[in-house]
Structures are given as structure tokens and as C-alpha cells.
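In case you want the letters, here they are:
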Amino acid sequence: MMPEATDIASFATSQLRLLDAELQAELSETNALLSSHTPTALSRAGLAILNLNTSSIRTGLGGKVVIELGLDSAVVAKGEKPDIPEHGIRVGDIVAVQDQPSGSARKTEKKELEKKGAEGVVLRVRRENVEVVLDKEDAHVPAGGKLWIVKLANDVTYKRMNQTMNRLHKLPDQEHTLFMRVLFNQASPTPLPTDVNDPSNPLHKLEWFDPSLNGSQQEAIRFALASREVALIHGPPGTGKTHTLIELILQLLRQKLRLLVCGPSNISVDNIVERLASHKVPMVRLGHPARLLPSVLSHSLDVLTRTSEAAALLQDVRKELDEKQSSIRKTRNAGERRQIYTELRHLRQEYREREKGCVNNLVTGSKVVLATLHGAGGFHLKGQEFDVVIVDEASQALEAQCWVPLLWVKANKLVLAGDHLQLPPTIKSLNSKQSKVGKTDTKKDKDNKDQAGKDKTERTSGKPAEGMTLETTLFDRLLALHGPSIKRMLTTQYRMHEKIMRFPSDELYDSKLIAADCVKERLLKNLDYEVEDTEDTREPLVFWDTQGGDFPEKAEDDGVIAKGGKGMGLGDSKSNEAEAALVKMHVSNLIDAGVKAEDIAVVTPYNAQLALLAGMLKEAYPGIELGSVDGFQGREKEAVIVSTVRSNAEHEVGFLGEKRRLNVAMTRSKRHLCVIGDSDTISKGSKFLKAWMQHLEDFADLRYPDLADVYVDQENGR
Ligand SMILES: Nc1ncnc2c1ncn2[C@@H]1O[C@H](COP(=O)(O)OP(=O)(O)OP(=O)(O)O)[C@@H](O)[C@H]1O
């Protein structure tokens with residue numbers, strides 16, 4: 001039986017409630033962090049930069065004030081470069097810029113942060129300076145003494161999602177288009193046309209740009225072309241999802257349609273821009289240049305605006321703005337300052353108007369516009385009309401985010417590409433079940449047994465407005481509403497050796513995955529550089545079974561903040577020292593055989609284990625990549641070692657209980673997957689984990705480590 005239709009207004013209301021809870025969770029996490037750590041501790045954790053001075057102030061895009069901060073010369077030793085010490089502040093982060101409290105001062109209260117200094121967004125991070133665009137034009141920029149910048153909670157994306165859901169809530173019934181009603185099951189998708197000889201059929205005389213597309217890719221494209229309202233392209237790991245979208249975009253353009261292409265992150269969008277560029281497709285990429293890959297800059301709206309004719313006029317106003325801005329600093333007289341601020345306001349107004357005209361021409365004239373989901377809600381696109389909105393990595397985006405392009409532009413059709421069986425977007429709020437499978441291994445880890453591992457589609461209710469959690473993505477919800485007829489799955493994968501692919505394919509993808517000929521037998525020993533033939537390099541799947549109690553896990557109270565604030569983990573995490581030693585032994589065996597450190601990654605779900613591994617491996621093998629499973633989604637490596645950590649008498653598996661996390665962990669490697677874990681603990685965690693352990697026992701090269709060997713290896717300094 002088909003699930004019932006959903007009421008659009010009540011859907012929006014429940015989204016608003018969930019989003020608010022999520023924002024509160026994020027804010028309280030940041031507040032807890034800021035109020036319980038000294039500036040020095042925050043700086044050590046990468047969340048703040050100390051000892052800065054303003055080196056310049058200028059006018060940036062939209063007439064905003066941009067300040068550039070460099071190290072205070074007093075803290076730079078003679079003859080040293082003024083490089084800022086390593087930190088975790090990244091472009092796009094929201095920060096406060098203010099007078100620096102003493103290094104040992106406790107409790108950086110939020111109120112304090114608001115009172116002094118200014119808030120802004122990090123625009124550029126260089127070795128010797130950081131640029132911040134200030135939120136308010138007349139913000140007080142501290143000058144004189146030492147400054148620091150500290151990372152705050154990012155509420156910008158929430159504000160936009162909130163606006164979007166509010167708009168959806170208020171949208172009168174008569175403005176609910178057919179396309180929208182299909183998204184809520186108030187209407188069925190229009191049946192697909194059947195007669196390919198009919199010239200109005202989008203599949204009429206279809207000719208492929210890329211003749212090497214495989215059958216499932218062609219079928220997905222045909223389906224997306226023929227669907228009138230909505231189509232889902234399900235792309236399991238390595239199956240060429242983006243490759244397929246490129247062909248789809250080219251086909252849609254051939255049909256003279258106008259497209260808006262989005263993704264949840266800048267990198268997901270840039271990936272498409274890069275590939276489209278090789279087909280010489282004219283396009284406009286929205287988004288601040290500082291956030292874009294250098295290779296796509298020539299398509300960025302900002303750069304196009306500067307190189308077009310209207311740019312010269314803009315340049316003049318910009319220069320005048322900059323001069324005025326710097327004159328404020330020289331003025332002590334309050335009356336004069338007020339006068340300058342008034343003039344600045346007028347100039348900014350003029351600048352924005354000119355910029356708008358220039359930008360509008362470029363955007364309106366473009367057949368393909370690309371932006372992040374969030375960016376699609378910017379003023380450039382308001383009211384623009386598109387025939388199709390395409391969203392890549394759709395199962396990584398919150399549903400409210402997907403509505404940003406759908407509500408602020410006029411759209412008639414939606415194509416979503418993603419994989420709902422990999423990890424969903426990160427959620428922090430505790431009011432959803434998802435909190436238990438969130439990205440960080442804090443206290444949420446407890447009692448997260450198989451419940452969290454239940455398939456998402458099973459958990460998604462037919463009436464999402466009631467049973468919905470923030471974790472339910474639009475991709476999930478549409479699948480639950482309309483069933484598999486709304487999607488097509490890509491089935492040939494171009495990443496993994498056949499033996500690495502087998503378990504995820506059988507357990508999660510109905511045994512439908514096929515390894516492409518070019519990858520199915522690839523081994524480390526066949527790499528295109530010299531690698532010895534050893535028991536490791538000729539084996540695609542290795543399982544080191546640590547059962548027996550010699551490799552016990554340890555509960556760790558993080559206490560310290562993880563570098564870069566990742567996880568901001570103040571709760572408990574898990575580590576396993578003996579297992580880490582075994583990881584090191586396996587890595588050194590691979591390296592000794594000739595495998596390059598750059599071709600090896602170690603992934604683990606636990607931050608504490610990650611920290612332990614970093615301490616043991618980074619110095620010896622600087623090129624090796626260490627990461628959390630969540631952080632590795634979307635990536636691949638020739639060899640991947642998975643450190644599962646859990647080994648306890650209670651058979652608690654915590655984080656490992658999430659199928660989608662394990663799916664990501666086991667599908668990153670191309671030629672060699674080595675799993676390290678205690679089969680006794682893990683197999684009791686869930687049906688899925690039991691099947692995994694059984695599979696490894698049956699098909700992997702099974703090894704039982706001897707603790708003495710592992711530590712002898714350590715002592716030998718390997
Ligand atoms: N039909 C094809 N023939 C040969 N190679 C292909 C084909 N389709 C995709 N590939 C290759 O497979 C690899 C993965 O493709 P792509 O990056 O598009 O995958 P994806 O599904 O978007 O990746 P992810 O798994 O990270 O989501 C690429 O190297 C691509 O060139």
C-alpha cells in the first residue's frame with residue numbers, strides 16, 4: 001500500500017522544529033567549549049588564532065568590509081618568517097575578531113564575545129595571514145593591541161534553511177506546483193512516455209556523447225530524461241554517479257533546457273564544474289572565489305563580473321570605498337567619523353546596484369548555473385526560472401537544504417543523485433534517533449546497537465511530517481513515498497577488487513554490484529610502480545582477528561579537544577592500543593613491500609583511536625592518511641586498513657552498529673582491504689555485523705595476531 005500524502009505546511013512546521021533543536025545543540029556545544037577552555041587551549045585545539053594584528057582593511061564583494069590579520073611582530077622571533085602556527089580555522093568558518101584576553105583567562109563567555117569586537121566569515125587563509133569579511137558594515141574593528149580570532153557556531157546555513165521552510169509553510173495551496181505535489185505524494189509522477197518515435201519524447205533519437213557509458217548508467221540517464229517531475233539516481237560506491245550526471249547535463253542542454261546544478265558542499269559542485277569544463281560547456285559558478293577550487297575560478301561569477309565590460313565602473317566605486325574606509329582609521333573627530341560612515345553607506349548602495357546589474361546579465365544569460373544548495377538561496381537567483389534542478393550527493397544533504405534551490409527559483413523538475421546506504425548528513429540534536437549515529441564518537445556512542453543500524457528506508461515513516469527526523473533526507477523520503485520505481489541504480493563499480501566489493505554488494509545492494517573488468521582483479525603487487533609480491537600485496541582482503549582478550553579496548557575521556565575542534569569531543573571515546581600496534585605492523589609490512597605511504601589510509605570510527613594512531617604512524621610515514629570513517633566518505637585509496645577498536649566482554653559495539661558507517665569503511669579501498677577487529681565482540685553486535693564476521697572468516701585471508709610479535713615489531717622501531 002502506498003504511504004499517505006503529506007501535508008506540506010505540517011511538513012514545514014516539523015522541519016522548523018527539528019532545525020531549531022539542531023541549532024540549539026550546535027550553539028550549546030560551542031558555548032560549552034568556549035566557556036570551559038582558556039584561549040591557549042582553544043588555540044592548541046585549532047579553534048582560535050592568537051597574537052594577531054590588523055594588517056589591512058579593504059572592500060570585498062557586496063561592498064563588505066574585509067580585514068586582513070597577520071601575526072603581531074612582537075611574537076615573531078628575529079629572522080623567522082611571520083607564519084601563523086598551525087590551526088583549524090577554515091574558509092567559511094564564522095569567527096569573532098576581538099582584543100585578546102590573557103592566555104590563561106578562563107571562561108570566554110558568549111556574552112563577552114558579543115560585546116567586544118566583530119563577527120565575520122573567514123574569507124581566505126594563507127600561511128602568513130587570514131582575511132575575515134565582517135558581518136556588519138559599521139562593526140567596531142578592534143585596533144591597537146593584540147587580537148585573536150575564535151571560531152563560533154555556524155548559524156548561517158540554519159538561517160537560510162529556516163527562511164526556506166518558513167516560506168514553504170506559508171506558500172498558498174494554489175502555488176503548490178504539480179512537481180511539488182509529487183514530492184509530497186499529493187500527486188503521482190506522470191507516467192513515462194513509451195513511444196520513442198514520438199518527437200516530443202525526450203528519448204527520441206537519443207545519441208550518447210560518451211559511448212563508453214555502461215548499461216545501468218544509460219538506463220539511469222534515460223529515466224532522468226524521460227521523468228517529468230522527479231528522478232533519483234542511486235549511485236553505490238565507485239559506480240560513476242558524477243560521470244553519469246555529466247552525460248545527463250549534456251543531454252539536457254542539447255534539448256535546450258536551462259539547468260541549476262547543486263551539491264551540499266563546494267567540492268561536490270566544483271567536481272562537476274571541472275568535468276563540464278572539459279566539454280567546453282559555458283556556465284556560471286556562484287559562490288565566493290575563495291571557496292572555489294582554483295581550476296574552476298574562470299567560471300566563477302565573481303571573476304566573470306570583473307572581466308566583463310561593466311567591471312571597470314565597479315572598480316572605480318570599489319577604489320573610492322577603500323579610500324574612505326581607511327580614512328576612518330585616521331580620524332579622531334566623532335563628527336567627521338559619522339560623516340564618513342554616511343558617505344560609505346551611500347557608496348556601498350551604489351556599488352551593490354552596479355554589481356547587481358552586471359551579475360544579473362551574466363546569470364540570466366547562462367544555460368547552466370552551479371552553486372551549493374545553500375548558495376542557490378542567494379539574491380542572484382531569486383525568481384530565476386530553471387527547467388531542471390540537479391542535486392549531486394543528495395543523500396548527504398538535509399532535506400531543508402534541498403528546498404533552498406527548489407523554493408527560491410522556479411523549477412519544474414528535480415534529479416537527485418546519491419546513495420542512501422552511505423552516511424547521511426551529520427546531526428547533533430538529541431531529539432532524533434540519528435543523534436546516536438552522529439559523526440562524532442562522543443557519549444552518543446553508548447547503547448547504539450543494531451537499532452541505529454536499521455536500514456533508513458525501513459525507519460522512514462510514510463507520514464514524514466509526523467515520524468520524521470532531521471536525518472531523513474529528501475532522497476530517503478521520496479524512496480519511501482514512491483518506492484523503487486522512482487529511482488534507477490548504477491550497478492557497475494570502477495573502484496574495488498571483486499573480493500572487496502562482495503560483502504557490501506550482497507548485504508546492502510541486493511547482490512547487484514558488478515566489478516568492472518579493469519578493477520576486479522587489481523592487486524597491490526600490480527601497482528604501476530615496483531611492489532614486491534608478498535602475502536599482503538597479493539591479497540585483496542585480509543582479516544586480523546584479535547579475539548581472545550589480548551587486544552582490549554579502553555574507554556577514554558577525551559578531556560582535550562580534538563584537533564580542529566573535530567568532534568569537539570568532550571564525551572567518551574574508545575581506543576585500543578594493541579590494535580593500533582597491529583595496524584602499525586601491517587602498515588610497515590606494506591611499506592617494506594614497496595607500497596607508497598601515500599597509497600595507504602587507516603580509518604577508524606573513534607577519535608581517540610585516531611589520535612593514538614597519529615602518534616604512532618605520522619612521524620614514521622608522513623604520507624599516510626589517517627581519518628575517521630565519516631571523514632573518508634567520498635574518498636578512495638589503493639590500500640585501506642580499518643581499525644574497528646571494539647573488544648569487550650559485554651559485546652558492546654557502539655558506533656560499529658551503524659551499517660552505513662561500515663559500508664563507507666569497507667568500500668574505500670581499491671586493491672587491498674585489511675580489517676582489524678575482535679570477531680567475538682563484533683559478531684554479537686547485530687545481524688549485519690555477524691554476517692560480516694562470517695564473510696571475513698570464509699573469504700578473507702584470516703590471520704590471528706600474536707601479541708608478542710606485534711610488540712617485538714614495535715620495539716624494533718618499525
Ligand atoms: N562507463 C564508465 N567506463 C569507464 N570508467 C568509468 C565509467 N563510469 C565511471 N567510470 C570511472 O569510475 C570512477 C568513478 O566515477 P565517478 O567519480 O563519477 O564516481 P562517483 O560515483 O561519483 O564516485 P563516488 O563513489 O565517490 O560517489 C571514475 O574514475 C570514472 O572515470
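Residues numbered from 1 in each chain as written. Predicted model: local features only at pLDDT ≥ 70, side-chain atom pairs only at ≥ 80, totals over all residues.

Counting 76 residues, the largest nonpolar core has V389 and V415 as its most contacted members. Taken domain by domain, this core gets at least three of its residues from each of domain 2 (177-192 + 215-282 + 367-426 + 469-490) and domain 3 (301-365). Contacts of V415, omitting those with residues within four sequence positions, involve A224, A231, I233, L248, V388 and I390. Listed in part, the 63 residues of the second largest apolar core include V587, A611, L617 and M666. (Core = buried A, V, L, I, M, F, W, Y, C linked by C-beta atoms within 7 Å. Buried ≥ 20, exposed ≤ 12 C-beta atoms within 10 Å, placed from the backbone. Domains from an automatic or database assignment. Contact = placed C-beta atoms within 7 Å.)

Turning our eyes to something else, we now look at helix 8 (residues 266-277). Compared with an ideal rise of 1.5 Å per residue, which puts 12 residues at 16 Å, helix 8 spans 16 Å between its outermost C-alpha atoms and is within 8% of the ideal. Listed in full, the buried residues belonging to helix 8 are N266, S268, V269, D270, N271, I272, V273 and L276. Here the buried face of helix 8 lies against helix 7 (241-254), strand 8 (259-263), strand 9 (284-285) and strand 10 (368-372). (Helix = DSSP H or I, 4+ residues; strand = E, 2+ residues; numbered from the N terminus. Expected span 1.5 Å × (residues − 1).)

To continue, consider the sheet that holds strand 21 (residues 600-604). Pairing is parallel in the open sheet, where 6 strands are placed in the order 22-21-23-24-18-25. Strand pairing shows two members of the sheet lacking a second neighbour, strand 22 (625-628) and strand 25 (701-703), which therefore form its edges. Within this sheet the neighbouring strands show an average axis-to-axis angle of 20°, counted without direction. Pairing analysis gives 6 bridges linking strand 23 (residues 637-643) to strand 24 (residues 669-677), with the strands arranged parallel. Within the sheet, the bridge partner assigned to A639 lies in strand 24 and is H672. (Pairing = 2+ DSSP bridges. Axes fitted to C-alpha atoms, helices over the stretch in contact; angles between N-to-C directions.)

This part takes up helix 17 (residues 498-508). The set of residues buried in helix 17 consists of I500, M501, F503, P504, S505 and L508. Where helix 17 is buried, its residues contact strand 16 (492-493), strand 17 (514-515), strand 18 (541-545), helix 20 (659-666), strand 24 and helix 22 (687-699). Following helix 17 by one or two positions, D510 has its phi on the positive side, about 50°.

The next subject is the domain arrangement of the chain. For interface size, the figure often reported is the accessible area lost on association. According to the domain assignment, the chain contains domain 1 (22-157), domain 2 (177-192 + 215-282 + 367-426 + 469-490), domain 3 (301-365) and domain 4 (512-557 + 569-714). Distance between the C-alpha centres of domain 3 and domain 4: 54 Å.

The environment of the ligand is formed by 14 residues, the closest being G240, K241, T242, H243 and Y494. The element best represented in the shell around the ligand is helix 7, accounting for 3 residues. When grouped by side-chain class, the residues that make up the shell around the ligand number 3 nonpolar, 10 polar and 1 charged. (Near = placed C-beta within 6 Å. Nonpolar A, V, L, I, M, F, W, Y, C, P; charged D, E, K, R; others polar.)

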